[in-house]
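As a plain string of letters, each chain reads:
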Amino acid sequence: MKFIHAADIHLDSPMAGLSAHDEAPVELLRTATRSAFRNLIDCALAEQVDFVLLPGDVFDTAWRDFNTGMFFVREMARLNAANVRAFVLRGNHDAEHEMTRSLPLPPNVHVFRADRPDTRQIVVGDLKVAIHGQSFRQAATTQNLAAAYAPVEGCLNIAMLHTALEGHAAHAHYAPCTLDQLRNLGMHYWALGHVHEWDVLSEAPWVAFSGNLQGRNVRECGPRGALLVRCEHGELQRPDRLLVDVVRWQLARIDVSAATTRAEVVAQVGEFLEQLLSDADGRPLACRVVLTGRSPAHAELFGQALALRADLVAQAMIVDRDHLWIEGIRVETQPVLESATIAARADALADLQALLANASADPQFVSSLARDFDPLLAKLPPDVLRQDVPALHALRRGDLAALIEEVGPTLIDRIAREPHEH
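Below: a short report on this structure. (Residues numbered from 1 in each chain as written. Predicted model: local features only at pLDDT ≥ 70, side-chain atom pairs only at ≥ 80, totals over all residues. Heavy atoms only, no water.)

Note that Gly-222 resides in the loop between strand S10 (206–209) and strand S11 (225–232). Overall, the relative accessible area of 10% leaves Gly-222 in the buried class. Sequence separation between Gly-222 and Val-247 is 25 residues; the distance between their C-alpha atoms is 9.6 Å. If near-sequence neighbours (up to four positions away) are discounted, Gly-222 is found in contact with Asp-245, Arg-248, Trp-249 and Gln-250. (Helix = DSSP H or I, 4+ residues; strand = E, 2+ residues; numbered from the N terminus. Buried < 20%, exposed > 50% of the residue type's maximum accessible area, 1.4 Å probe, protein only. Contact = heavy atoms within 4.5 Å.)

What follows is the structure, given as structure tokens:
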């Protein structure tokens, strides 16, 4: 027996972070979640699995029209033609939309009821299988649904649950339960959804999150897909990953301590991105570049977000213009000279450093600085205000104290290095 466990498809969910960039592959991004789901069904047919488990959030919260639902029906019909069953429960996103509840589905699809746990018994060869699940009635389902699940004696018991489980603070705490509770409920496999990172949490019984099928932003980095589970001689084997994503996201943290100029930084980033792309299993790659380290090039990088982005976008095009895109850039480098080194000089530069260190805590100075910046901000055109420039965002928020603390070390470093540059 074989089955696939796949959760959090979020069909037609928008991809965030690239759509505003001219070089972004708009059509590829628009259809990414559908393409990943189609890849999943292709895998199910190629592997000749007996059934597919979809434990929640097949759909995203908002449908634009019925085309989203019709796409899902067509893919389920492909399974139906191959006599492959599909078991679906509604998660928090599915529960929010009326069209999800009214969608007609092929006969091979069973949607678990929402008022109580539901069990479907099937026979695969000489193996009796009981599949358990309960859908969300409403998005904010905060009761412990797992507590009412009960195994069927004489069957291989597989339970589906949409839950944050314990310790996943990044996800809404829906259908709360603990890993120990799941282990003690008599099931052989728990197919979990809601958490977008894949993880095998237990082996006896198997408890696993499949993760989502397709990363949708830079917070969902790395390979994405589903789990293929085999049963041999009545025993479930360790799940294997099926990678079905069509666009891959990466957070590229690059230490540029050895770079002395912006040009050297750009070249180093290019080499790093080239390696990332070669490790992406042939998928197009969207990257957020984060520059770190105490670098002699810090002064050329700080406050130069737009120019630096242009350089890195050009470098990405040189590496592979059709398969590599820059989602964003963060400059987290620091000056080479540390504050203690400057303070030990006991000269005018050390005095300036001390003055800047106290400036952020001086409300009168901060207020005066804000008054000076307000008319300048008012004159900026809308397209500049929309740019992803952290310093500009800080100014607009009025967070000048943090900006002073950030800019101060760079100013000191630039002044300290001037005698060596001229």
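So, on to helix H2 (residues 32–47). The terminal C-alpha atoms of H2, which comprises 16 residues, lie 22 Å apart, in line with the 22 Å expected from a rise of 1.5 Å per residue. Along H2, the residues that are buried comprise Ala-32, Thr-33, Arg-34, Ser-35, Ala-36, Phe-37, Leu-40, Ile-41 and Ala-44. Contacts from the buried residues of H2 go to strand S1 (2–5), helix H1 (26–30), strand S2 (51–55), helix H3 (67–81) and S11. Backbone geometry just after H2 places Gln-48 at a positive phi near 55°. (Expected span 1.5 Å × (residues − 1).)

Take the pairing of strand S3 (residues 85–89) next. For S3, the tally of buried residues reaches four of five residues, placing the bulk of the element in the interior. Of the pairings in the sheet, the one linking S2 to S3 comprises five bridges and is parallel in character. By the bridge assignment for S3, Val-52 is matched with Ala-86. Bridge count between S3 and strand S4 (residues 109–111): three bridges; the pairing is parallel. Each bridged residue has a counterpart across the sheet, and for Val-88 the counterpart in S4 is Val-111. (Pairing = 2+ DSSP bridges.)

Take the pattern of salt bridges next. Side chains carrying opposite charge are able to pair once their charged atoms draw close together. Following the criterion strictly, the structure yields 18 salt bridges and no others. Its salt-bridge partner being Asp-245, residue Arg-248 comes within 2.9 Å of it at the nearest N-O pair. A residue is classified by how much of its surface remains accessible, and Asp-245, at 2% relative accessible area, is buried. (Salt bridge = Lys/Arg side-chain N within 4 Å of Asp/Glu carboxyl O.)

A few words on the sheet that holds strand S6 (residues 127–133). Within the open sheet, the six strands sit side by side as S5-S6-S7-S8-S10-S9. Their pairing is mixed. Strand pairing shows two members of the sheet lacking a second neighbour, strand S5 (118–124) and strand S9 (199–203), which therefore form its edges. In this sheet, adjacent strand axes meet at a mean angle of 15° when their direction is disregarded. Where strand S7 (residues 156–162) and strand S8 (residues 189–193) come together, five bridges link them in parallel fashion. Bridge pairing in S8 links Met-160 to Ala-191. (Axes fitted to C-alpha atoms, helices over the stretch in contact; angles between N-to-C directions.)

Another point: the side chain of His-194. Tracing the backbone through its elements, the reader meets His-194 in the loop between S8 and S9. By relative accessible area, which is 5% here, His-194 ends up buried. One polar contact links His-194 to His-162, side chain to side chain, over a distance of 3.3 Å. (Polar contact = N/O pair within 3.5 Å; in protein donor to acceptor, adjacent residues only side chain to side chain.)

The biggest cluster of nonpolar side chains holds 29 residues, and the ones touching the most others in it are Ile-4, Phe-37, Leu-54, Phe-72, Met-76 and Leu-213. For this core, the secondary-structure elements that each account for two or more residues are H2, S2, H3, S3 and S11. Residues contacting Phe-37, with those up to four places away along its chain left out, are Ile-9, Leu-11, Phe-71, Phe-72, Glu-75, Met-76 and Leu-213. (Core = buried A, V, L, I, M, F, W, Y, C linked by side-chain atoms within 4.5 Å.)

Spatially, three strands are ordered S14-S15-S16 in an open sheet, and the strand pairing comes out parallel. Every interior strand has two partners, whereas the edge strands, strand S14 (248–255) and strand S16 (324–331), have only one. The average undirected angle you get between the axes of adjacent strands in this sheet is 20°. In the sheet, S14 pairs with strand S15 (residues 285–292) via eight bridges, with the strands oriented parallel. Looking across to S15, one finds that Gln-250 is bridged to Cys-287. Here helix H6 (residues 262–278) sits on the sheet in contact with S14, S15 and S16, set at roughly 140° to S14. Lying over the sheet, helix H8 (residues 305–320) contacts S15 and S16, oriented at roughly 150° with respect to S16.

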